[in-house]
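Chain residues, written in single-letter form:
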Amino acid sequence: MSNKPSIPKGTRDFNPQEVVKRNYIFDVIRQAFTRFGFLPIETPSFENSDTLMGKYGEEGDRLIFKILNSGDFLRKVSDDDLKTRNIPGITSSISEKALRYDLTVPFARYVVQHRNEIDFPFKRYQIQPVWRADRPQKGRFREFYQCDADVVGSDSLWQEVELVQLYDTVFSDLKLRNTTIKLNNRKILSGIAEVIGAEDKLIDFTVALDKLDKIGKDKVKEEMREKGISEEAIEKVEPLFSVTGTASEKIESLKNLLSASETGMRGIEELEFIVNTIDELGLSSAKLEVDVTLARGLNYYTGAIFEVAAPSEVKMGSIGGGGRYDDLTGIFGLKDTSGVGISFGLDRIYLVMEELGLFPETVLETTRALFVNFGEKEAMYAMRAVSALREEGIAVDLYPDPAKMGKQMGYADKRGIPFVILAGETEIESNNYTLKNMRSGEQKTLDIDQLVNELK
RNA sequence: GUGGUUGUAGCUCAGUUGGUUAGAGCACUAGAUUGUGGUUCUAGGGGUCGCGGGUUCGAAUCCCGUCUUCCACCCCA
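Residues numbered from 1 in each chain as written. Chains lettered and ligands numbered in written order. Predicted model: local features only at pLDDT ≥ 70, side-chain atom pairs only at ≥ 80, totals over all residues. Heavy atoms only, no water.

Colleague: Could you clarify how one ought to interpret the sheet that holds strand S2 (residues 46-48) in this entry?
Modeller: Backbone-to-backbone hydrogen bonds pair the strands of a sheet. The strands run either parallel or antiparallel. The three strands lie next to each other as S2-S4-S3, forming an open sheet whose pairing is antiparallel. Unpaired on one side and paired on the other, S2 and strand S3 (66-67) mark the two borders of the sheet. Bridge count between S3 and strand S4 (residues 97-99): two bridges; the pairing is antiparallel. Looking at S4, one finds that Ile67 is bridged to Lys97. (Pairing = 2+ DSSP bridges. Helix = DSSP H or I, 4+ residues; strand = E, 2+ residues; numbered from the N terminus.)

Colleague: So what exactly am I meant to see when it comes to the sheet that holds strand S9 (residues 304-309) here?
Modeller: With mixed pairing, the eight strands of this open sheet are ordered in space as S1-S5-S6-S11-S10-S9-S7-S8. Single-partner strands in this sheet number two, and they are strand S1 (39-40) and strand S8 (287-290). Examined bridge by bridge, S1 and strand S5 (residues 122-131) share two bridges and lie parallel to one another. What sits directly across from Pro40, in S5, is Tyr125. Lying on the sheet, helix H8 (residues 186-196) is in contact with strand S7 (180-185) and S9; it crosses S7 at an angle near 50 degrees. (Contact = heavy atoms within 4.5 Å. Axes fitted to C-alpha atoms, helices over the stretch in contact; angles between N-to-C directions.)

Colleague: Just to check I follow, could you spell out the layout of surface pockets for this structure?
Modeller: Where empty space is left becomes clear once a probe the size of a water molecule has been rolled over the atoms. One number sums up the size of the second largest pocket: a volume of about 350 Å³. Lining the second largest pocket are 13 residues, and of these Glu361, Glu365, Gly416, Pro418 and Arg439 sit closest to its centre. Of the residues belonging to the lining of the second largest pocket, the class tally is five nonpolar, three polar and five charged. (1 Å grid on protein atoms, 1.4 Å probe; cavity = no way out; pocket = protein on both sides within 12 Å on 5 of 7 lines; lining within 4 Å. Points joined across faces, edges and corners; volume = space filled by probe spheres on them. Nonpolar A, V, L, I, M, F, W, Y, C, P; charged D, E, K, R; others polar.)

Colleague: How do you make sense of the packing of helix H16 (residues 376-391) against helix H19 (residues 448-455) when you look at a structure like this?
Modeller: Packed helix pairs are specified by the crossing angle of their axes together with the interaxial distance, meaning the distance between the axes. Viewed as axis vectors pointing N to C, H16 and H19 meet at an angle of 45 degrees, and their least axial separation amounts to 10 Å. What the angle tells us is that H16 and H19 run oblique. Like other packed secondary-structure pairs, H16 and H19 cross with a definite hand, here right-handed. Side by side, H16 and H19 meet where Ala385, Ala388 and Leu389 of the first sit next to Ile448, Leu451, Val452 and Leu455 of the second. Partitioned by chemical class, the residues of the contact of H16 with H19 number seven nonpolar, no polar and no charged. (Parallel < 35°, antiparallel > 145°, perpendicular 65-115°, else oblique. Left-handed = near helix turned anticlockwise from the far one by under 90°.)

Colleague: What exactly am I supposed to notice about the domain arrangement of chain A here?
Modeller: Much of the literature gives interface size as the accessible area that the parts lose upon coming together. Domain annotation for chain A reports domain 1 (16-356) and domain 2 (365-455). The C-alpha-based centres of domain 1 and domain 2 are spaced at 51 Å. (Domains from an automatic or database assignment.)

Colleague: I would appreciate a short explanation of the environment of Asp447 in the present structure.
Modeller: Mapped onto the elements, Asp447 comes out in the loop between strand S16 (443-446) and H19. Relative accessible area serves as the criterion here: at 30%, Asp447 is assigned to the partly exposed category. Residues Asp447 and Ala385 lie 62 residues apart in sequence; the distance between their C-alpha atoms is 10.0 Å. Excluding its chain neighbours within four sequence positions, the residues that come into contact with Asp447 are Asn431, Asn432 and Tyr433. Polar contacts involving the side chain of Asp447 include one to the main-chain amide nitrogen of Asp449, which spans 3.1 Å. (Buried < 20%, exposed > 50% of the residue type's maximum accessible area, 1.4 Å probe, protein only. Polar contact = N/O pair within 3.5 Å; in protein donor to acceptor, adjacent residues only side chain to side chain.)

This is the structure:
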């Protein structure tokens, strides 16, 4: 009397068709990463808690899956902590390990730990699942894949340019057109905070600003007020809400706004370089857009900030994000190593592609041809051809049982196998095979060499 | 973490103010068809109505709890 089995909230099983389609996206991304000169690494699914905790802000810590210690995990908990329900204290006593929350922080740990074996600048890519104890919604899961490409050990802005091109390449290869790569710079945000005198509220300020296109400027102001940003500062921010036009027009108005801030002006310079260079080099299908309100993401970005929005006809959160971080390896004891990277959200890209019908039909074709099984003697004859075809790299199968033909054909049909091969008594006598095209219904009699050629 | 929403066959869903053995389409299995599938016809299998408790003579239907789904916050891929 067992209950129906189930899987945890926010996780999924993938059936063969889904896996095949996911692999198609993985392959496109992996090939692009390779072409851009990135090398693959992998890190463990779980890290020591202190590697992860405190790197994503307070909210992030809450969303990290903690792993309960083995054995008597209560041993180190003090009665005091229990009595006062000191959750952070208890948590650190009963859990020493945690599932990775993203790929960037483990990568920073990897770089620091292996610094003597790494040749800098180091370009690595990493495609692995991450886990977040978030409440699931559409496109939000508790287990999902990230595909990251990062460069550490170079502060050249050419890296940012290449990463924009990498985004463009991947989405163009996937035939996912009209994505928008949004670009901003943390220094610009710092500059704004500086100019309006709200430096101490930078995070609250940027989080509020980020919601501009979603909740409108009045609500943004309201949230800033709630977070304790002065009325004077909010007033000074006003011109920012009307920064519009082309990228260069936006940059011009930003220059006016931020002329008093050295940091801000440096951010604008960086932004301008990336925009101008991409403008010169061109993109094949994506659009690069300056968005000063873009502030999402993790607190560790110090320079460029990227985010990719899906085509506007699909309602989906961002399908990629990234940026430059100067201090991340510093947390682990390696100073002056700048890094910049981007991430692709595989699961969301999948949903977008599904919604837009962008998966090529050929992706689902796994087996090219199925031999009908007529009996023991005929199966032996067929099996010789099966081996020959497989050696040529062609995916073929023999139906395992001498079932009725209708059943065997139906099996091929449902699995989307495009060809069926009949090898029965008549074919054996003439040393031939009958090849049937399942789509057109057309049949041909061929010898083994012709068969190989036809199916290649 | 806060507020709301959803759950009936493998899938998509009906199920009247609580009232007999809970239905449909698709899918599945078998046959019509002993070397021809995707379109037809016939028959069949499959559900302790998410789970647990309560109200009632009687619960898929009402109440409570719990899990799940999706949505809005929070935050984010």
